[in-house]
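Working through the structure, step by step
These are the residues of each chain, in order.
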Amino acid sequence: MEAAILLKGVTKSFGRTKAVDNLDLAIPRGALYGFIGPNGAGKTTSIRMIMSILFPDAGEVSVLGNRSATEAKDRIGYLPEERGLYRKMRVGAFLAYMGRLKGLHETGLHKRVEKSLESVGLGGAGRKRCEELSKGMMQKVQFLAATIHKPDLLILDEPFSGLDPVSSRLLRELVLAEHSRGATILFSTHVMPHAEELCDSVIMMHRGRKVLEERMETIRRQYDPRRIHFEPLDPIADVSSLNALPEVECVARMDESYEILLKEGMEPAQVMRHIVQTVVPARMELARPQLEDVFISLVSAGDKIDDTPEKLRARLTESPAEAPAV
Amino acid sequence: MRKVLHIALREFIVTVSNRSFIIGLLVMLALIGLFAVISPHVFNLRDFKVVGDVRIIDPTGVVVPQLNASLDARRIAVRRAEQARVALDSVPAEVRQLAGARGETALQAALGPVPDLRLEERPLQADIQEEKTWLTEKNADRPHLALIVVHQNAVTLDPGELRYGTFDLFVAPNLDDRAENEIQQSVRDALINARGDAQSLNRERINAIIQVPRVHSVTVTVGDERATVRGLNIALPLSVAALLFVGVMTGGQALLTTTVEEKSNRVIEVLLSAVSPMELMAGKLIGQMAVSLLVLGLYIGLGLTVLTSLSLFGLFNPWLIVYMLIFFVIMYLVFGSLMMAVGSAVNEMREAQGLMMPLMIMQIIPWILWLPISRNPNSMLSVFMSFLPPVNTFGMLLRMASSAPPPWWQVWLSIGIGVASVFVAIWFAAKVFRIGLLMYGKPPNLATLIRWARSA
C-alpha cells in the first residue's frame, strides 16, 4: 500500500544545530503513529517539514502521494503545538473560515460546522466569540478546525500538552474516532504513556535521529517482560527458594516486595506458575515494558550518547515550554 | 487563488467592521467637514472692529489733514473695494465666475467692519516720552492705540537726498496686528497724497500711470494650453501626496498589526497548515489594499464632489486620479509587504518600532521634499527623487500634479521602476515572512532580516 507519509534522508539544520538528521520514515495509510521523543528531539521540525511549513536542507518528502504537503493541504488536518484562535472572531465563523481555507464549499458548510460543534458538546457555541471560551473549549474548537474537512491525514503535534485529564480523555476519543473513520494519524508527544495507549506504531526520535520505528506489538514482544513483581502473602516467608527455580536469574528485595528477573527466553506464564507453587503470593504481576524504558535503553546503548538515563528520564517529563526551541 | 480571496475577504471584513476603523474614518471625515464649516467663522474678521484713538506729531503740517481724510470711513470703504478687486483678480476664472457679484461683497465683509479711528494731533514740542506713556494708560471706551511721529522730511526731500523720510510708529501693548495694519496703511496713503500735493501731482493720474494689473498667464504645453492656476499647483500635489500617504499608512499599519496579532495569538501556524506563506501574504495584502482603496475612494469622492459643486472640476486633470491609483498600488505593495515582514519578525508591537524606523523615514522624505519638488518639478533633485524607489511614487506624482508635468516616458519609466521595486520588496518580505512567522523569542534587527532573506 502507498505510504501516507514518506520521508527519505530528510535533514534540517538551524545554524550549526542539526534538528533532523537523515530521517527515513514510511507511515502507511490508515495507521495511527506516535512520534515520540524528548523535547528537542526534532519531532516538531519533522512535522513542519511534512507540512511544508519548513523545507528540508536535504532529502525527499512525499505526503499522500504528492511531492509536498502544499499539493495536498486540503486533505491534511494539522493541529500545531503552538495553536491559537482569532480571539475576536465568532467560533462558527472561525470554523467556517478554516473550512473554506481547506477547500470546503459554501454549500452545507454552516450545517457541517454546527454538527461538528454538537459532536464535541459545543452546540450553540457558534455565536460566541473565541475569547469567551474556556481553555478546554478552545482546545476542542482547535481540534475541530483541524478536522472540519474530514482529512485523510491528521497530524497532531503534542496534542495533549496542557490538557486536564477530562479534556485528555475527550481528545483521545476524538482522535480514535478520526482513526476509525479511516484517517491516517501521526501525533507527536514527549509523554510516552500517551503513545502507548493510542498508537499501533511508534517512531522514537533522539537528537534529530530516528532510534526506533516499530509496531507496538513488536516492541512489546521484542522487549519482552523479564521482570516479575512479587509480594509474598506471609511477609516473613522465605523467598530464597525462588532463586533455586531454573528460570530465575536473580531475586532482589524492594521494600516489602521482590523483583524477580527471569533468564532470557523464559516464558513468564510458566515461571509464574512455578513461583505460586513455591511461595504463596499476596500480589504478583508481570512488569510490562514501558516505552520510556525502551527508549532509555535504546538511547543509552548508543555509541555517542552523552545523556545519562536519569537525564533522559527528566527530559521526557519536562513540559514543552521548558524545552529549548528548535 | 480561491484561498487567497478568502483570506483577502476576511481581512477586508474584519478591518472595515472594526469599531476603531469606523470611528477613525467617520471622525476624520467629520473633522474635515467641521473644519470646512466652522473655519470661516473661526478665522473671519467680521466681528473684529478697530476702535480707538491715535495721536500724531506732524512737523510737516500736511500729513494730518491727509490722514484724517484717509481714515474717513468712506475712504476706507473705497480702498477695501479696490483690495477685493485685486484679490479676486488673482484667483482662477472659475472661482470668479462662481463668486460673481457676491464675491467682492463677500471679500469686503471678510475684512470686517470699517475701523473707527480718531486722530488727535499733538503739538510739535510735545514730549515723546510722555506721549508714549499715554499709550499705556487704560481707557475702556476708546483705547489708546498708537502714536505716530512723522519725520521732518517725510513729505519733501532734503537737498541732495533721493529718499523721503517716513514716520515712527509706537503702539499700545497687545495691539492687534489688524489694527496696526489699518493704521500703517492709512499713514502710507496719507504720506503719498501729501507728497503728491507737494509736487502738485494728481494722485488719480499717478495711480493710473503706475497701475499695470497682473494678467492671467497661460501655461503652454505640447498640444495644449490652459490658464495657469498657481494656488492649485501648490494645493493639488499636496492633496495627492496626502491621499497617497493616508492610503498607504491605512493599509500598511493594519498589515503590521494584524500580522503581529496573528503571530502572538499563535493562530499563524494553524493558517499555514491550510495555505502557503505566499498565499497568506497575498491574501492579506489584497484585503488591506481593498480597505485602503475604500478609504481613498471616499476621500477622492468627497474631494471631487466639492470640486464639482464649486464648478472647479475643470481645474483638475482626471488622469491624475488614474496615475495616483497606479502609484498607490505600487507604493502600497512596497510598504505593505515590508511592514508585513516586520510584523512577522516580531512578537509584539513594541518590538516593531526599531524595524519600522527606516520605513517611516522613507515615508517622511517626500513630505520634506514636497515644496522643492512642487516649486521646481524639473530640477535635478525632483527628477532624481521621481526615479528613486521607493519614494519615486511620491516624487513622480508631485511632479505630475505640478505646473510643469514631466514627459510621459518619464512617468512610465518611474512606474516601471516602481513595479520592479514591488517585486524586490515582495521577494524580500516573502523570505522574511516565511522564516519570521515561526520565530519567537528575541526580536531580530535589520541585519538579521537581511540574513533571513538571503538564507531562505
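See the structure shown above.
Summarised in this report is the structure supplied together with it. (Residues numbered from 1 in each chain as written. Chains lettered and ligands numbered in written order. Predicted model: local features only at pLDDT ≥ 70, side-chain atom pairs only at ≥ 80, totals over all residues. Heavy atoms only, no water.)

Regarding the overall build of chain A
For chain A, the count of helices and strands is 10 helices and 13 strands. Every one of the 326 residues in chain A was classed for burial, and the buried ones make up 50%. Relative to all contacts within chain A whose residues are 6 or more apart in sequence, the contacts with residues 24 or more apart total 69%. (Helix = DSSP H or I, 4+ residues; strand = E, 2+ residues; numbered from the N terminus. Buried < 20%, exposed > 50% of the residue type's maximum accessible area, 1.4 Å probe, protein only. Contact = heavy atoms within 4.5 Å.)

Section: the sheet that holds strand E13 (residues 281-286) of chain A
Residues and elements named next belong to chain A. Strand order in the open sheet formed by four strands is E11-E12-E10-E13, with antiparallel pairing between adjacent strands. This sheet does not close on itself; its edge strands, each paired only once, are strand E11 (248-254) and E13. Going across the sheet, the axis of each strand differs from the next one's by a mean of 20°, ignoring polarity. Bridge analysis of strand E10 (residues 227-232) against strand E12 (residues 257-262) gives four bridges, and the strand direction is antiparallel. Bridging from a neighbouring strand, Ile 228 pairs with Ile 260 of E12. (Pairing = 2+ DSSP bridges. Axes fitted to C-alpha atoms, helices over the stretch in contact; angles between N-to-C directions.)

Considerations on unusual backbone geometry
Cis geometry is found at the peptide bond from Pro 389 of chain B to Pro 390 of chain B, where omega equals 0°. Looking at where Pro 390 of chain B falls in the secondary structure, it is placed in the loop between helix H15 (380-385) and helix H16 (392-400). Unlike most non-glycine residues, Asn 22 of chain A shows phi in positive territory, near 50°. With respect to the element layout, Asn 22 of chain A can be found in strand E2 (residues 17-28).

Here's the deal with the pairing of strand E5 (residues 76-79) of chain A
Walk down a regular strand and you will see the side chains alternate between the two sheet faces. Residues and elements named next belong to chain A. The side-chain alternation of E5 yields two buried faces, one formed by Ile 76 and Tyr 78 and the other by Gly 77 and Leu 79. With four bridges joining them, E5 and strand E6 (residues 153-157) adopt parallel strand pairing. Paired with Leu 79 across the bridge in E6 is Leu 156.

Here's the deal with the packing of helix H12 (residues 319-345) of chain B against helix H17 (residues 408-436) of chain B
Residues and elements named next belong to chain B. Between H12 and H17, whose axes approach to 8 Å, the crossing angle comes to 20°. When the axes of H12 and H17 are compared, the pair comes out roughly parallel. Once H12 is placed against H17, the crossing between them reads as left-handed. (Parallel < 35°, antiparallel > 145°, perpendicular 65-115°, else oblique. Left-handed = near helix turned anticlockwise from the far one by under 90°.)

Description of the packing of H16 of chain B against H17 of chain B
When two helices pack together, their arrangement is given by the angle between their axes and by how far apart the axes lie. Residues and elements named next belong to chain B. One can describe the packing of H16 onto H17 by two numbers: an axis separation of 10 Å at closest approach and a directional angle of 160°. Viewed along their axes, H16 and H17 adopt a mutual orientation that is roughly antiparallel. For the crossing formed where H16 meets H17, the hand is left-handed. Contacts from Asn 392, Met 396, Arg 399 and Met 400 in H16 reach Gln 410, Val 411, Ser 414, Ile 417 and Gly 418 in H17. In the contact of H16 with H17, the residues fall into four nonpolar, four polar and one charged. (Nonpolar A, V, L, I, M, F, W, Y, C, P; charged D, E, K, R; others polar.)

Overview of a nonpolar patch on the surface
Residue and element names in this part refer to chain B. A surface patch of nonpolar side chains, about 740 Å² in accessible area, is lined by Ile 23, Val 27, Met 28, Leu 31, Ile 32, Leu 34, Ile 38, Leu 302 and Val 306. At the level of secondary structure, the elements contributing two or more residues to the nonpolar patch comprise helix H2 (19-43) and helix H11 (277-309). With seven residues, the single largest contributor to the nonpolar patch is H2. Along the chain, Val 306 turns up in helix H11. With a relative accessible area of 43%, Val 306 lands in the partly exposed category. (Patch = residues over 30% accessible without salt bridge, like charges linked within 9 Å, V, L, I, M, F, W, Y side chains within 5 Å. Areas by Shrake-Rupley, 256 points an atom, 1.4 Å probe, with all protein chains shown as cover. Salt bridge = Lys/Arg side-chain N within 4 Å of Asp/Glu carboxyl O.)

A look at a positive patch on the surface
Taken together, the side chains of Lys 111, Arg 112, Lys 115 and Lys 150 of chain A define a basic patch exposed on the protein surface. Residue placement: Arg 112 of chain A occurs in helix H3 (residues 109-119). (Lys, Arg positive; Asp, Glu negative; His and termini not counted. Charge placed at Lys NZ, Arg CZ, Asp CG, Glu CD.)

Topic: the sheet that holds strand E1 (residues 51-57) of chain B
All names here are of chain B. The mixed open sheet is built from four strands, whose spatial order is E2-E1-E3-E4. Each having just a single partner strand, strand E2 (116-122) and strand E4 (167-171) make up the two edges of the open sheet. The average undirected angle you get between the axes of adjacent strands in this sheet is 20°. Here helix H3 (residues 63-70) sits on the sheet in contact with E1, E2 and strand E3 (144-150), set at roughly 170° to E2. Along the sheet face, helix H6 (residues 128-136) touches E1, E2, E3 and E4 and points at about 155° away from the line of E3.

Considerations on the pattern of salt bridges
For the coordinates displayed, the defined rule picks out 24 salt bridges over all chains. Here Lys 210 of chain A makes a salt bridge to Glu 213 of chain A, at a shortest N to O gap of 2.8 Å. Given a relative accessible area of 24%, Glu 213 of chain A falls into the partly exposed group. Here the salt bridges do not stand alone but share partners, grouping Arg 10, Glu 11, Glu 262 and Lys 284 of chain B into one network.

Concerning the packing of aromatic side chains
Taken as a whole and judged by the stated rule, the model has five aromatic pairs over all chains. A ring pair is formed by Tyr 86 of chain A and Phe 94 of chain A, whose centres lie 6.3 Å apart and whose planes are at 75°; its orientation type is edge-to-face. When its relative accessible area of 5% is taken as the criterion, Tyr 86 of chain A is described as buried. Phe 94 of chain A sits in the buried class, given a relative accessible area of 0%. The ring of Tyr 86 of chain A has Arg 10 of chain B lying over it, and the distance from NZ or CZ to the ring centre is 3.6 Å. (Phe/Tyr/Trp six-rings, centres within 6.5 Å; stacked < 30°, edge-to-face > 60°. Lys NZ or Arg CZ within 6 Å of the ring centre and 35° of its normal.)

Structural notes on the side chain of Ser 379 of chain B
All names here are of chain B. With respect to the secondary-structure elements, Ser 379 resides in the loop between helix H14 (370-375) and H15. By relative accessible area, Ser 379 is classed as buried at 18%. A polar contact is formed between the side chain of Ser 379 and the backbone oxygen of Asn 376, at a distance of 3.2 Å. (Polar contact = N/O pair within 3.5 Å; in protein donor to acceptor, adjacent residues only side chain to side chain.)

Side note on the nonpolar core
If you look at the biggest cluster of nonpolar residues, it comprises 157 residues, and the most contacted ones within it are Ile 76, Phe 94, Leu 95, Ile 155 and Leu 186 of chain A together with Leu 280 and Phe 327 of chain B. At 18 residues, the largest contribution of residues to this core is made by H12 of chain B. Beyond its immediate stretch of four places on either side in the chain, Leu 280 of chain B contacts Ile 7, Ile 268, Leu 271, Leu 272, Val 275, Phe 433 and Leu 437 of chain B. Core analysis: the next-biggest nonpolar cluster, separate from the first, contains 23 residues, Leu 117, Ala 146, Val 155 and Ala 179 of chain B among them. (Core = buried A, V, L, I, M, F, W, Y, C linked by side-chain atoms within 4.5 Å.)

Focus on the environment of Leu 154 of chain A
Residue and element names in this part refer to chain A. Structurally, Leu 154 can be placed in strand E6. For the pair Leu 154 and Leu 186, spaced 32 residues apart in sequence, the C-alpha separation works out to 6.3 Å. Leu 154 has contacts with Gly 77, Tyr 78, Phe 143, Ala 146, Thr 147, Glu 178, Thr 184, Ile 185 and Leu 186, leaving out every residue within four places of it along the chain.

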